[in-house]
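Structure at a glance
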Amino acid sequence: GRPDAGAMGKKAEAGTPKDIANRAKAKGLQKLKFYCQICEKQCRDANGFKCHCTSEAHLRQMEIFGMNQGKFIGNYSEQFKRDFLNLMATSHRNIRVSANIVYNEYIAHKTHIHMNATRWTTLTEFIKYLGREGICEVDETPKGWFITYRPEDKEEKMRQAMKAKRKLADEEEDERNARLIREQIERANAALPEHAKRHAEATELDENAKGDLKLSLAGVKRIKTADELDRAKHLPTALEAFNGASQLASDAGAGLKAQAAKKPSALDEIFQKGVAAKEAAKAKPVDTPASGEETPWLQPGIVVKIVSKALQSEGLYKRKGVVRRCLQGGYVAEIDAIDTDARVQVDQAELETVLPSVGGAVVVLKGEHRGLTGKMDGLETDKYKAMVTLREGSGKGTTMRFDYEDISKLSSR
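As a starting point, this report considers the structure included with it. (Residues numbered from 1 in each chain as written. Predicted model: local features only at pLDDT ≥ 70, side-chain atom pairs only at ≥ 80, totals over all residues. Heavy atoms only, no water.)

**What about the overall build of the chain?**
Each helix and strand in the chain was counted, giving twelve helices and 15 strands. Residues counted as buried form 28% of the 413 residues belonging to the chain. Partitioning the contacts of the chain with sequence separation of at least 6, the portion at a separation of at least 24 is 48%. Of the roughly 28,900 Å² of accessible surface on the chain, a fraction of 53% belongs to carbon and sulfur atoms. (Helix = DSSP H or I, 4+ residues; strand = E, 2+ residues; numbered from the N terminus. Buried < 20%, exposed > 50% of the residue type's maximum accessible area, 1.4 Å probe, protein only. Contact = heavy atoms within 4.5 Å. Areas by Shrake-Rupley, 256 points an atom, 1.4 Å probe, with all protein chains shown as cover.)

Have a look at this one:
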């Protein structure tokens, strides 16, 4: 027989086919035209949407919306753009991908902001907006619009700031050294006698002057000492004059040496350091790397970032990976890229270290503690230092400060 009116109005019992069908409909995505963004309510059919539009709650929300339409649409637009770019940064970072693929992944979330609530009416308008603002690289092809999102890398920005700070410090040190040398030269010139100053004075050569350059020593007179004037009375020979001049030069050199021995100038100290560095370089073994040559710092099990633009076409540029083994004396690493099945060999010059979050495990890559593991306790961003507590070795339990390049994250894989 026919069911009574009371049974028709009741909710379907749990486990019945009707209840299963209702829950399946509520779980999946429904038609966009039956969705009310202002109330964030999804209706199943036209009748339900019509009833919702005439409800008191919806009319009250529409009154609030009508008071400031621009504010609501602007908020929905910013939220849509932020969620869309977050999806690009996590799933398609630095990768050229079809805009339709990303949009389909975005709308797969049931609670997403619908595009008909934003200032953009179509996906094409939104993609053109991203291109005009320089947020993404966009290009149109016969297969549709493609976009590439390259978000700002905070670690890379921090490294560049650190390099700029160190370069500025080096330039300031060079300027200080040059100023000290100039001051020492001025003091040395001030200590010279007047006749030595006159001999040391020089005039600039006018390169643009016409005519032949003629040099003459006829008018040059050597200043004679009192002893030489006495000897000049008996007309010394050329040999005696030469011997006297040699003796005078030797005495002057001995006097300068004695003066320099009393208090060495900064110029002398710099010269002595240069000589000592050259002697030390000569004493180095042949297989010892030069001071400018970087020593190998790679370690198996650490996480590194690939910065080789040659691998950009493979989608590995700026991607992180785990070092599986070191080759060619430790200068080349065999890397398994994270989130992909790619395995590549990359030189250490095209790799960068990766810092974990606070409390994460790290490996020391340089210095006397190389190869030891520790826990990163924090960062001193103004000094570009990381505070690490060693977990092994003679300094176990000791908290030390390392440069960002001297440590890297320890992989948990």
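Next comes the rest of the account.
**Thoughts on the pairing of strand β5 (residues 144-148)**
Where burial is concerned, most of β5 is hidden: five out of the five residues are buried. One ladder, built from three bridges, connects strand β3 (residues 96-98) with β5; its direction is antiparallel. Looking at β5, one finds that Arg96 is bridged to Thr148. Sheet topology note: the strand β4 (residues 137-141)/β5 ladder contains five bridges and is antiparallel. The partner of Asp139 across the bridge, within β5, is Phe146. In this structure, the hairpin formed by β4 and β5 is closed by a connection of two residues. (Pairing = 2+ DSSP bridges.)

**Observations concerning unusual backbone geometry**
Positive phi, normally seen in glycine, also occurs at Gln328, with a value near 50 degrees. Within the secondary structure layout, Gln328 lies in the loop between β7 (320-327) and β8 (332-337). We note that Tyr384 has phi near 55 degrees; this positive angle belongs to a residue other than glycine. Owing to a relative accessible area of 13%, Tyr384 belongs among the buried residues under this scheme.

**A closer look at the packing of aromatic side chains**
Two aromatic rings are characterised by how far apart their centres lie and by the angle between their planes. As enumerated under the stated definition, the model contains nine aromatic pairs in all. Relative to Phe84, the ring of Phe80 has its centre 6.2 Å away and its plane inclined at 25 degrees; by these criteria the two rings are stacked. On the criterion of helical spacing, the pair formed by Phe80 and Phe84 is a turn pair, its members being four residues apart in helix α5 (residues 69-91). By relative accessible area, which is 0% here, Phe84 ends up buried. Seen in terms of ring centroids, Phe80 and Phe126 are 5.0 Å apart; in terms of plane orientation they differ by 75 degrees. Their pairing is edge-to-face. A residue pair is termed long-range when its members are at least 10 positions apart, and Phe80 in helix α5 and Phe126 in helix α7 (residues 123-132) qualify at 46 residues. (Phe/Tyr/Trp six-rings, centres within 6.5 Å; stacked < 30°, edge-to-face > 60°.)

**A closer look at the side chain of Glu380**
Relative to the assigned elements, Glu380 resides in strand β12 (residues 373-380). Assessed through its relative accessible area of 15%, Glu380 is described here as buried. Dropping the residues within four chain positions of it, Glu380 is found in contact with Lys385, Met387, Arg401 and Tyr404.

**Examining the nonpolar core**
By size, the foremost hydrophobic cluster in this structure holds 28 residues, and its most contacted members are Phe80, Phe84, Met88, Leu123, Phe126, Ile127 and Leu130. Put simply, the parts of the chain that give this core at least two residues each are α5, α6 (99-107), α7 and β5. Ranked by the residues each element gives to this core, the list is headed by α5, at seven residues. Of all hydrophobic cores here, the second largest spans 16 residues; its members include Ile302, Ile306, Ala333 and Val346. (Core = buried A, V, L, I, M, F, W, Y, C linked by side-chain atoms within 4.5 Å.)

**Some points on a negative patch on the surface**
Among the surface-exposed residues, Asp170, Glu171, Glu172, Glu173, Asp174 and Glu175 lie close enough to one another that they form a single negatively charged patch. As for its placement among the helices and strands, Asp170 is situated in helix α8 (residues 154-191). Assessed through its relative accessible area of 45%, Asp170 is described here as partly exposed. (Patch = residues over 30% accessible without salt bridge, like charges linked within 9 Å, V, L, I, M, F, W, Y side chains within 5 Å. Salt bridge = Lys/Arg side-chain N within 4 Å of Asp/Glu carboxyl O. Lys, Arg positive; Asp, Glu negative; His and termini not counted. Charge placed at Lys NZ, Arg CZ, Asp CG, Glu CD.)

**Some details on the pattern of salt bridges**
Under the counting rule described, the total for this entry stands at 13 salt bridges. Among the ionic pairs, Arg150 bridges to Glu137, the shortest N-O distance being 3.1 Å. Residue Arg150 is located in the loop between β5 and α8, and its partner Glu137 is located in strand β4; the two are separated by 13 residues in the primary sequence. A relative accessible area of 36% places Arg150 in the partly exposed class. One salt bridge in this structure joins Glu183 and Arg179, with 3.5 Å as the shortest N-O distance. Of this pair, Glu183 and Arg179 both sit in helix α8, four residues apart, roughly one helical turn.

**What about the sheet that holds strand β14 (residues 399-403)?**
Strands sit in the order β14-β13-β12-β11-β15 across an open sheet of five strands; the sheet is antiparallel. The strands lining the two open edges of the sheet, one partner per strand, are β14 and β15 (407-409). Neighbour-to-neighbour, the strand axes of this sheet turn through a mean angle of 45 degrees, independent of strand direction. When strand β13 (residues 385-390) meets β14, the two strands line up antiparallel, connected through five bridges. Among the inter-strand pairings, Ala386 is bridged to a residue of β14, identified as Phe402. (Axes fitted to C-alpha atoms, helices over the stretch in contact; angles between N-to-C directions.)

**Quick word on α5**
Helix length check: α5, at 23 residues, gives a terminal C-alpha distance of 33 Å against a target of 33 Å (1.5 Å per residue), a fit within 8%. The set of residues buried in α5 consists of Gly74, Tyr76, Ser77, Phe80, Lys81, Phe84, Leu85, Leu87, Met88 and Ala89. (Expected span 1.5 Å × (residues − 1).)

**With respect to the environment of Lys143**
Residue position: Lys143 is located in the loop between β4 and β5. The spacing of Lys143 and Ser98 is 45 residues in sequence and 8.5 Å in space, taken between C-alpha atoms.

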